[in-house]
Amino acid sequence: MTVMTLPSVNAQSVVPLSTSELAAWRAFAETVTDLNSALEADLAPTGLTLGDYQVLVFLSESPDGSMRMVDLACRLQLSPSGLTRRLDGLVKHGHVDRVPSDTDRRVMRAVITDSGRTALAAAYPVHLASVRHRIIDRLAPGDVDAFTRIFSAIASGLQSADDSGNAVTS
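Quantities reported herein were computed from a predicted structural model and do not represent experimental measurements.

Peer 1: Give me the pattern of salt bridges: which residues, what numbers.
Peer 2: This structure, assessed with the given rule, holds seven salt bridges. In this structure, the salt-bridge partner of Asp 71 is Arg 68, at a minimum N-O distance of 2.8 Å. Overall, the relative accessible area of 34% leaves Asp 71 in the partly exposed class. The salt bridge partner of Arg 106 is Asp 104, with a shortest N-O separation of 2.9 Å.

Structure (structure tokens):
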């Protein structure tokens, strides 16, 4: 994911948040960490972290169950060393293998194993129940569509070119 940097800020020209905008920001800021902690805690009995679960999902969704390490790191927004640390536990538990590419021996691929698919299948209903309980069931039906629109707009804004054209690749 490429995230654009904020253009230079002139403190005199920044418009303060309205009462409702401030309430929205504070609700998000005061909830996001607690929500991630709750989702993480709910998943813990499966032996997977949210990061582990995300790796297994991405690998399981790829056509051959594998991804180039550089592509997986980009998708997870991790540095190469961060991905290595993330994969170490999954490799140790036999959920993922690191293998050289068949077409380019300089390239390493992460491959989900049968054990990884089993772990993902076991964790899925737990994670689904957690997401449903912590998020979806708290929203009215129309709010689900609004939730999608809101976070899609935020994600799009994070990837849009800013006035200065600066980009930060994470």
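Peer 1: So what's going on with the sheet that holds strand S2 (residues 66–68)? Which residues, and what values?
Peer 2: Strand order across the open sheet formed by three strands is S2-S4-S3, with antiparallel pairing between neighbours. Of all strands in the sheet, those with a lone pairing partner are S2 and strand S3 (96–100), marking the two edges. Pairwise comparison of adjacent strand axes, ignoring direction, gives a mean angle of 25 degrees for this sheet. Looking at chain direction, S3 and strand S4 (residues 108–112) are connected through five bridges and run antiparallel.

Peer 1: Give me the lowdown on the packing of aromatic side chains, citing residues and values where you can.
Peer 2: Scanning the model with the defined rule gives three aromatic pairs in all. Ring geometry for Trp 25 and Phe 28: centres 5.9 Å apart, planes at 35 degrees, overall tilted. Separated by three residues within a single helix, Trp 25 and Phe 28 lie in helix H1 (residues 19–43), roughly one turn from each other. Ring geometry for Phe 147 and Phe 151: centres 4.9 Å apart, planes at 55 degrees, overall tilted. A residue pair is termed a helical-turn pair when its members lie 3 or 4 positions apart in one helix, as Phe 147 and Phe 151 do in helix H6 (residues 141–159) at four residues. Residue classification places Phe 147 among the partly exposed positions, given a relative accessible area of 33%. Three or more aromatic residues joined by ring pairs form one cluster here, namely Trp 25, Phe 28, Phe 147 and Phe 151. Directly above the ring of Phe 58 sits Arg 75, whose terminal nitrogen or CZ lies 3.9 Å from the centroid.

Peer 1: Break down the environment of Gly 51 for me, with residues and values.
Peer 2: Relative to the helices and strands, Gly 51 resides in helix H2 (residues 50–61). Measuring from C-alpha to C-alpha, the distance between Gly 51 and Leu 76 comes to 8.4 Å, with 25 residues separating the pair along the chain.

Peer 1: An account of the environment of Asp 71 is requested, with residue identities and associated values reported.
Peer 2: By the element assignment, Asp 71 lies in helix H3 (residues 69–76). Along the chain, Asp 71 and Ala 110 lie 39 residues apart, while their C-alpha atoms are 9.9 Å from each other.

Peer 1: Summarise the nonpolar core; cite the residues concerned and give the values.
Peer 2: Among the nonpolar cores identified, the biggest contains 24 residues, and Val 55, Leu 56, Leu 59, Leu 72, Leu 83, Leu 87 and Val 96 are the most heavily contacted of them. Put simply, the parts of the chain that give this core at least two residues each are H1, H2, H3, helix H4 (80–92), S4 and helix H5 (114–134). The element best represented in this core is H2, accounting for six residues. Apart from the residues lying within four places of it in its own chain, the contact partners of Leu 56 are Leu 48, Leu 90, His 95, Val 96, Ile 112, Gly 116, Ala 119 and Leu 120.

Peer 1: Please set out H5 residue by residue, giving values where relevant.
Peer 2: The end-to-end C-alpha distance of H5 is 30 Å, a good match for the 30 Å that 21 residues give at a rise of 1.5 Å each. Along H5, the sharpest kink reaches roughly 35 degrees, centred on Tyr 124 and followed within four residues by the proline Pro 125. By the burial criterion, the buried members of H5 are Gly 116, Ala 119, Leu 120, Ala 123, His 127 and Ser 130. Residues of H5 that are buried sit in contact with H1, H2 and S4.

Thresholds applied
Residues numbered from 1 in each chain as written. Predicted model: local features only at pLDDT ≥ 70, side-chain atom pairs only at ≥ 80, totals over all residues. Heavy atoms only, no water. Salt bridge = Lys/Arg side-chain N within 4 Å of Asp/Glu carboxyl O. Buried < 20%, exposed > 50% of the residue type's maximum accessible area, 1.4 Å probe, protein only. Pairing = 2+ DSSP bridges. Helix = DSSP H or I, 4+ residues; strand = E, 2+ residues; numbered from the N terminus. Axes fitted to C-alpha atoms, helices over the stretch in contact; angles between N-to-C directions. Phe/Tyr/Trp six-rings, centres within 6.5 Å; stacked < 30°, edge-to-face > 60°. Lys NZ or Arg CZ within 6 Å of the ring centre and 35° of its normal. Core = buried A, V, L, I, M, F, W, Y, C linked by side-chain atoms within 4.5 Å. Contact = heavy atoms within 4.5 Å. Expected span 1.5 Å × (residues − 1). Bend = angle between axes of the 7 residues up to and from the residue.

These figures come from the coordinates and say nothing about function on their own.
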